[in-house]
Amino acid sequence: MFGIDSPELLVIAVVALVVIGPKELPGMLRSWGKWMAQMRGMASEFRGHVDEMVRQADIDDVKKQLLASPGLDLQALDPTREIKSALQEGMAEGEKAMAEAKAQIDNPLVEPESAPQIAAEPALETATAAVTAEAAPAAEPAPSASEPAVPAADEKPAKAVAAG
């Protein structure tokens, strides 16, 4: 600190104690500390302003160089335009999905495209079972008059399936 070593600081402290006095020394040191803090604050503020001016000058130089280059389009480098276009595309897709959902809610009788086609398959199976059940009794011999007319055990489910 300014080339002052600890023995020299000790001599300065003893001289200040003798000249100022022990009663006034703490107040004087306190005011000296406040003054030094203000000086450091002003120096850092000045340094900050100088750094800002240097930074601004560098930015201005870079801006001039970019504007002077012939093949560079600064408008094409704008990221906000890309972000806006992506947001607009997303909004359009969302509005389309909302319109489709609203149309489905408004007309519940229309089957959605993703609905499974299950209903046609069981009807086909029951029709096939009914056809085979009708063909099976024709193949068996007709009961005679002495035998009671008792339906076969396998005919009941086939007729139930055909009726269902």
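Quick caveat, the model's predicted, so the values are computed rather than measured.

Chemist: Just give me the short version of the overall build of the protein, but keep the residues and values in it.
Modeler: When helices and strands are counted, the protein shows five helices and zero strands. Along the protein, from the amino end to the carboxyl end, the secondary structure elements read α-α-α-α-α. Split into buried and exposed, the 164 residues of the protein put 4% on the buried side. Of the accessible surface of the protein, which amounts to about 14600 Å², a share of 65% is contributed by carbon and sulfur atoms.

Chemist: Which residues make up the pattern of salt bridges, and what are the values?
Modeler: Across all of its chains, the model carries one salt bridge by this definition. R55 is the partner of E52 in a salt bridge, and the nearest nitrogen-oxygen pair spans 3.2 Å. Of this pair, E52 and R55 both sit in helix α2 (residues 25-68), separated by three residues, roughly a single helical turn. E52 gets classed as partly exposed once you look at its relative accessible area, which sits at 39%.

Chemist: Let's hear about helix α3 (residues 79-106): which residues, and what values?
Modeler: Here α3 contains 28 residues, and its C-alpha end-to-end distance of 41 Å stays within 8% of the 40 Å for a straight helix at 1.5 Å per residue. Sparse coverage of α3 is indicated by the burial of zero of its 28 residues.

Chemist: Requested: an account of the confidence of the model for the protein, with residues and values cited.
Modeler: Across the protein, the average pLDDT comes to 75, with 62% of residues at or above 70. For the protein, helix α4 (residues 120-139) is the element with the lowest average pLDDT, namely 53, and α2 is the one with the highest, namely 90.

Thresholds, definitions, all that
- Each chain carries its own residue numbering, running from 1 in the written order of its sequence.
- Only residues with pLDDT of 70 or above have their local features reported here, since the model is predicted, and side-chain atom pairs are shown and tallied only from 80 upward, although totals for entire chains, interfaces and linings are computed over all residues.
- Think of the side-chain values as coming from all heavy atoms in the structure, minus any hydrogens and water.
- Helix and strand assignments come from DSSP, with helices taken as H or I runs of at least 4 residues and strands as E runs of at least 2, each series counted from the N terminus.
- For each residue, the accessible area found with a 1.4 Å probe, counting protein chains only, is set against the maximum for its type, and the residue is called buried under 20%, exposed over 50%, and partly exposed in between.
- Exposure was quantified through the Shrake-Rupley algorithm and a 1.4 Å probe, taking into account, for residues, occlusion by the shown protein chains and nothing else.
- Put simply, a salt bridge is a Lys or Arg side-chain nitrogen that is within 4 Å of an Asp or Glu carboxyl oxygen.
- Helix span is expected to be 1.5 Å times the residue number reduced by one.
- How sure the predictor is of each residue is captured by pLDDT, a score from 0 to 100.

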